[in-house]
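Residues per chain are reported as follows:
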Amino acid sequence: MSHAFRLHRGDDLLESIRAYAAAHHIGAAAVISGVGCVTQAVIRDASGVATHTLSGRREIVSLTGTVSESRCHLHIALCDEQMKTLGGHLCPGTIVNTTCEIVLLELEDVIFSKSFDEETGYNELVILPKENL
């Protein structure tokens with residue numbers, strides 16, 4: 001099953017995707033398209049620790065990741081007015097400017113869950129076969 005929805009000015013990108021997944025009881029999905037623009041972005045860098053707030057208009061040139069009602073793990077790449085691109089792990093506080101169009105492909109055979117991983121220090125993806133639930 002596919003899902004397509006549009007976010008509007010002022011919406012928090014990550015929190016809106018989380019809310020959509022919860023409202024539609026999405027067990028497992030992949031982002032197949034995410035385009036639009038933001039006025040502020042909060043992204044975590046490759047250190048896995050530091051977050052950076054980027055102010056100003058930026059185009060979303062890529063949005064990818066996994067989505068479920070129990071967890072979302074998304075990465076974003078953004079281009080500024082000088083055509084410089086930055087990206088990282090999407091965090092709450094990334095605010096839609098004019099619009100953001102999201103398309104999700106729901107996976108029918110699995111459920112995405114999470115489990116704390118002591119080695120990484122994060123709640124990591126657990127993929128469960130749907131028939132076991």
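Residues numbered from 1 in each chain as written. Predicted model: local features only at pLDDT ≥ 70, side-chain atom pairs only at ≥ 80, totals over all residues. Heavy atoms only, no water.

1. Digging into the overall build of the protein chain
- Secondary structure summary: the protein chain contains 1 helix and 8 strands in total.
- Going from N to C terminus, the protein chain has its helices and strands arranged as β-α-β-β-β-β-β-β-β.
- Here the protein chain has a C-alpha radius of gyration of 15 Å; the compact-globule value for 133 residues is 14 Å, and the two agree.
- Out of the 133 residues belonging to the protein chain, those deemed buried represent 41%.
- A total accessible area of about 7300 Å² is found for the protein chain, and carbon and sulfur atoms account for 54% of it.
- Each charge sign in the protein chain was given a centre, from 10 positive and 17 negative side chains, and these centres are 8 Å apart. (Helix = DSSP H or I, 4+ residues; strand = E, 2+ residues; numbered from the N terminus. Rg over C-alpha atoms; globule rule 2.2 N^0.38 Å. Buried < 20%, exposed > 50% of the residue type's maximum accessible area, 1.4 Å probe, protein only. Areas by Shrake-Rupley, 256 points an atom, 1.4 Å probe, with all protein chains shown as cover. Lys, Arg positive; Asp, Glu negative; His and termini not counted. Charge placed at Lys NZ, Arg CZ, Asp CG, Glu CD.)

2. Some words on the layout of surface pockets
- Quantified by volume, the largest pocket comes out at close to 320 Å³.
- Around the largest pocket sit 16 residues that line it, and Arg71, Cys72, His89, Tyr122 and Asn123 are the ones nearest its centre.
- Looking at the lining of the largest pocket, the elements with two or more residues in it are helix 1 (13-23), strand 4 (72-79), strand 5 (85-90) and strand 8 (122-129).
- Ranked by residue count, the leading element in the lining of the largest pocket is strand 8, at 3 residues.
- Split into classes, the residues belonging to the lining of the largest pocket amount to 6 nonpolar, 5 polar and 5 charged. (1 Å grid on protein atoms, 1.4 Å probe; cavity = no way out; pocket = protein on both sides within 12 Å on 5 of 7 lines; lining within 4 Å. Points joined across faces, edges and corners; volume = space filled by probe spheres on them. Nonpolar A, V, L, I, M, F, W, Y, C, P; charged D, E, K, R; others polar.)

3. Quick look at unusual backbone geometry
- At His25, a position not held by glycine, the phi torsion is positive, near 50°.
- For His25, the location among the structural elements is in the loop between helix 1 and strand 2 (29-44).
- At Met83, a position not held by glycine, the phi torsion is positive, near 70°.
- Note that Met83 resides in the loop between strand 4 and strand 5.
- The class of Met83 is exposed, set by a relative accessible area of 64%.

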